[in-house]
Amino acid sequence: MSVRRALRGLGLWVALWLLVLSMPGGALAQQFEVSASTFASGLMIVNLSSNAANVLIEFNRPDGTTVFSKTFQIGPNGVRTIYLPTDPEFAGLPSGFVGAAVISADQPIAASVNTERLTSSPSEPERRDSSPALDDSSIGVTLWMPQVMNNAFEDGWSSTCYVQNTSTAPVQVRVIIKSRFGGAEAYNQVVTIPANGVLTVDHTQLGLPMGFAGGMKVQALDGTTKLAGTCNFFANGADGERSQFNTYRAFNAGATVLHAPLVYRTFYDVTSGLAIQNIGTQPTSIAIDFNFPARGGRPEFRTTLEPPQCQNLQPDQSCTLYLKPNPDFPGWPDFLIGSAVIRSSGQPIIAIVNYRKDFRGDGKSESATYSAFLDNAKTPRAILPQITSVFYGFSSGYSVVNAGATPGTFTITYRWDERYRSAFYPGEPSSYTRTVTLNPGQAWARFVPDELAELAGKTITDFNGSLTIEGTQPLFAVSNRDYRLDRVISRTNTNRDVVERLGDLFSQAHGLNY
């Protein structure tokens, strides 16, 4: 019996894109040639069980060939950080590898994937983002991606999506792309994905018109093979202020009500956008309820918006909405941070929530994405696989929202990756816990270095671990992580951590409900 078959726990299907690809020919390239770029990936794996977890990671090329595998153990409720370029246990992974990974375990696990460019210069500014791994509940015969682009909007945004065949046999899939303006399909093609292989869909190579923005659907034609998918979208990279890099995972289902627990409008120059897709079989229209609580002497602001571009959405059609001041938002105040509930008129929908900092002039660009939560997926437990406090200069924030109908009590627990605790704080406990009470729709949002200082009674740097939330009511959670020049003095600092860095250093991910 193979090691993988012996591990009958939860399998995570993870798209890991370690280096930029050069795709010589073919709109849907099946052959890959690695370019001389400097992108790399890291993993954060969390054992959700009180028993030790035996874990297997298999790395597959896009043609489905397994090139490296590794087994290891994670202790009860433990956390394991893997940075592929430097982790000695993964030195056997071929240099220049690009492909996908499958993580299997004999206990329930969760994971997140970080992708980053390692350079920081005017000609090659940094780019990074994070996304949760895909578990068995997140893969499907049909996948939808609500935002795909070809040199669209300001700064020339484009996208590339990756679709993994999770089976041991080849499968034909149909790729359909529709414009956000509706009309006929902009793209429709059938292609074969090898067993355990990966299909790359580069939206700059499909003949889509310049400025195109819309949604995509990928469907296995045999009606049974499960697919996993992830998408990257990014600005044109002309300089550090146009180096935004965002990642989100494809959806296998939708709901008539979605939750966006963290939304900004001109809040410290940060503004959110939404991309919403109708994945039903009939037209549908969209209404969005915004809730911005009172803050800093500013009154509460609540409103419902029915965006004209999101009315009568056809099946598989997307619409986009950017909350920056324009005629669509008359009477809206500035400096808003809150949440939103997205409702359809009857068909299932999906959405991603984008974050962007609009300030120009400092050589930096902040942008990130998380997936809106399906109302029918809320649970009283969630995990944020990676949370940091002054770890190589990066610190996290998070937000937890009571998604229930009555007040609830929520227990928040930080857990170290034990390797860093034993190296830097051997006298500290393995975890820190607090309890908060939240009313329906109320959020608890904290900056991790500040909260850890409160819980530990002293400043905690070099923290790298996970955050779990358990409540008496259902909840949703999101986290973000940014390089903070004002908080880089730590044991893990390096020369590049104490200087200004150019590009997009911000990442954001939604919590995993379980």
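Structure shown above.
Residues numbered from 1 in each chain as written. Predicted model: local features only at pLDDT ≥ 70, side-chain atom pairs only at ≥ 80, totals over all residues. Heavy atoms only, no water.

**Student:** Just to check I follow, could you spell out the overall build of the chain for this structure?
**Tutor:** Of regular secondary structure, the chain possesses three helices and 36 strands. Burial statistics for the chain: of 514 residues in total, 59% are counted as buried. Considering only residue pairs separated by 6 or more positions, the chain has 79% of its internal contacts joining residues 24 or more positions apart. Accessible surface for the chain amounts to roughly 19100 Å². Of this, 50% is attributable to carbon and sulfur atoms. (Helix = DSSP H or I, 4+ residues; strand = E, 2+ residues; numbered from the N terminus. Buried < 20%, exposed > 50% of the residue type's maximum accessible area, 1.4 Å probe, protein only. Contact = heavy atoms within 4.5 Å. Areas by Shrake-Rupley, 256 points an atom, 1.4 Å probe, with all protein chains shown as cover.)

**Student:** Which parts of the structure should I look at to understand the environment of Asp462?
**Tutor:** The topology assignment puts Asp462 in the loop between helix H3 (448-456) and strand E34 (463-483). Distance from Asp462 to Arg421, taken between C-alpha atoms, is 8.4 Å for residues 41 residues apart in sequence.

**Student:** Where do I start with the sheet that holds strand E4 (residues 39-47) in this structure?
**Tutor:** Sheet strands line up and pair through hydrogen bonds in the backbone, either parallel or antiparallel. Within the open sheet, the four strands sit side by side as E7-E4-E9-E10. Their pairing is antiparallel. The open sheet is flanked by strand E7 (79-83) and strand E10 (128-132), the only strands paired with a single partner. Geometrically, the sheet is characterised by an average inter-axis angle of 15° between neighbouring strands, direction not taken into account. (Pairing = 2+ DSSP bridges. Axes fitted to C-alpha atoms, helices over the stretch in contact; angles between N-to-C directions.)

**Student:** I'm lost on the nonpolar core in this one. Help?
**Tutor:** Soluble globular proteins tend to bury their nonpolar side chains together. Within the largest apolar cluster, 40 residues are counted, with the highest numbers of intra-cluster contacts made by Ile276, Ile288, Phe290 and Ile342. Per-element tally for this core: the top contributor is strand E20 (residues 257-265), with five residues. If near-sequence neighbours (up to four positions away) are discounted, Ile342 is found in contact with Thr256, Val257, Leu258, Leu274, Ile276, Ile286, Ala287, Ile288, Ile349 and Ala351. Counting residues in hydrophobic clusters, the runner-up holds 37 residues, among them Cys161, Ile177, Val201 and Ala220. (Core = buried A, V, L, I, M, F, W, Y, C linked by side-chain atoms within 4.5 Å.)

**Student:** Which parts of the structure should I look at to understand the sheet that holds strand E21 (residues 270-278)?
**Tutor:** One open sheet accounts for four strands, arranged E24-E21-E26-E27; its pairing is antiparallel. Bordering the open sheet on either side are strand E24 (318-322) and strand E27 (367-371), each of which pairs with just one other strand. Between one strand axis and the next, the sheet turns through 20° on average, direction left out of account. Pairing of E21 with strand E26 (residues 349-357), which is carried by nine bridges, proceeds in the antiparallel orientation. Note that in E26 the partner of Thr271 across the bridge is Arg356.

**Student:** Explain the side chain of Asn165 here, please?
**Tutor:** Within the fold, Asn165 resides in strand E13 (residues 158-165). Of the residues examined, Asn165 reaches a relative accessible area of 0% and is grouped as buried. Among the polar contacts made by the side chain of Asn165, one reaches the main-chain carbonyl oxygen of Ala169 at a distance of 2.8 Å. Residue contacts for Asn165: discarding those within four places in its chain leaves Pro170, Val171, Ile193, Pro194, Ala195, Asn196, Gly197, Thr225, Lys226 and Leu227. (Polar contact = N/O pair within 3.5 Å; in protein donor to acceptor, adjacent residues only side chain to side chain.)

**Student:** Would you mind showing me how to read the pairing of E24 here?
**Tutor:** Residues in a regular strand project their side chains so that they alternate between the two faces of the sheet. Taken across its five residues, E24 has four buried, putting it largely inside the fold. Judged from the five bridges that link them, E21 and E24 form a sheet pairing that is antiparallel. Note that in E24 the partner of Gly273 across the bridge is Tyr322.

**Student:** Could you clarify how one ought to interpret the environment of Leu475 in this entry?
**Tutor:** On the secondary structure map, Leu475 appears in strand E34. As a C-alpha pair, Leu475 and Pro380 span 95 residues in sequence and 5.5 Å in three-dimensional space. Dropping the residues within four chain positions of it, Leu475 is found in contact with Thr379, Pro380, Arg381, Ala382, Val400, Val401, Ala403, Phe410, Ile469, Glu470 and Asn513.

**Student:** Is there a simple way to explain the packing of aromatic side chains in this structure?
**Tutor:** Counting across every chain of the model gives 28 aromatic pairs. The interplanar angle of 85° and the centroid separation of 5.9 Å between the aromatic rings of Phe59 and Phe97 together place this pair among those described as edge-to-face. Of this pair, Phe59 sits in strand E5 (residues 53-60) while Phe97 is found in the loop between E7 and strand E8 (99-105), placing the two residues 38 residues apart along the sequence. The same class applies to Phe59 and to Phe97, which are both buried. Between Phe267 and Tyr268, the aromatic rings sit 4.9 Å apart at their centres with planes inclined by 80°, giving edge-to-face as the arrangement. In this structure Phe267 comes out as buried when scored by relative accessible area, which is 8%. Aromatic ring contacts, followed pair by pair, group Phe59, Phe68, Phe72, Phe90 and Phe97 into a single cluster. Here Arg80 stacks its cationic end above the ring of Phe72, 4.9 Å away from the centre of that ring. (Phe/Tyr/Trp six-rings, centres within 6.5 Å; stacked < 30°, edge-to-face > 60°. Lys NZ or Arg CZ within 6 Å of the ring centre and 35° of its normal.)

**Student:** It is not clear to me how the side chain of Lys178 should be interpreted in this structure. Could you clarify?
**Tutor:** If you trace the backbone, Lys178 turns up in strand E14 (residues 171-179). Despite its burial, Lys178 pairs with no opposite charge, the nearest such side chain being Asp316 at 4.7 Å. Looking at Lys178, its side chain comes within polar contact range of the main-chain oxygen of Pro315, at 2.9 Å. Contacts of Lys178, omitting those with residues within four sequence positions, involve Glu185, Ala186, Phe212, Gly214, Gly215, Pro315, Asp316 and Gln317. (Lys, Arg positive; Asp, Glu negative; His and termini not counted. Salt bridge = Lys/Arg side-chain N within 4 Å of Asp/Glu carboxyl O.)

**Student:** Quick question: what am I supposed to make of the pattern of salt bridges here?
**Tutor:** In a structure, side chains of opposite charge can pair up when their charged atoms sit close to one another. Under the counting rule described, the total for this entry stands at 17 salt bridges. Its salt-bridge partner being Glu418, residue Arg421 comes within 2.8 Å of it at the nearest N-O pair. Separated by three residues within a single helix, Arg421 and Glu418 lie in helix H2 (residues 418-424), roughly one turn from each other. The closest approach of N and O atoms between Glu454 and Arg434, which form a salt bridge, is 3.1 Å. Of this pair, Glu454 sits in helix H3 while Arg434 sits in strand E32 (residues 431-438), placing them 20 residues apart in sequence. Counted as one network, the salt bridges with shared partners bring together Glu154, Asp155, Arg242 and Arg356.

**Student:** Explain the state of the cysteines here, please?
**Tutor:** A covalent bond between the sulfur atoms of two cysteines is referred to as a disulfide. Counted under the stated rule, the structure contains two disulfides. Between the sulfur atoms of Cys310 and its disulfide partner Cys319 the distance amounts to 2.1 Å. The disulfide joining Cys310 to Cys319 has a torsion of about 100° about its S-S bond and is therefore right-handed. Cys319 carries the same exposure label as Cys310, and that label is buried. For the chain, the disulfide bridges join cysteines in the arrangement 1-2, 3-4, where the cysteines are counted in sequence order. (Disulfide = S-S within 2.5 Å.)

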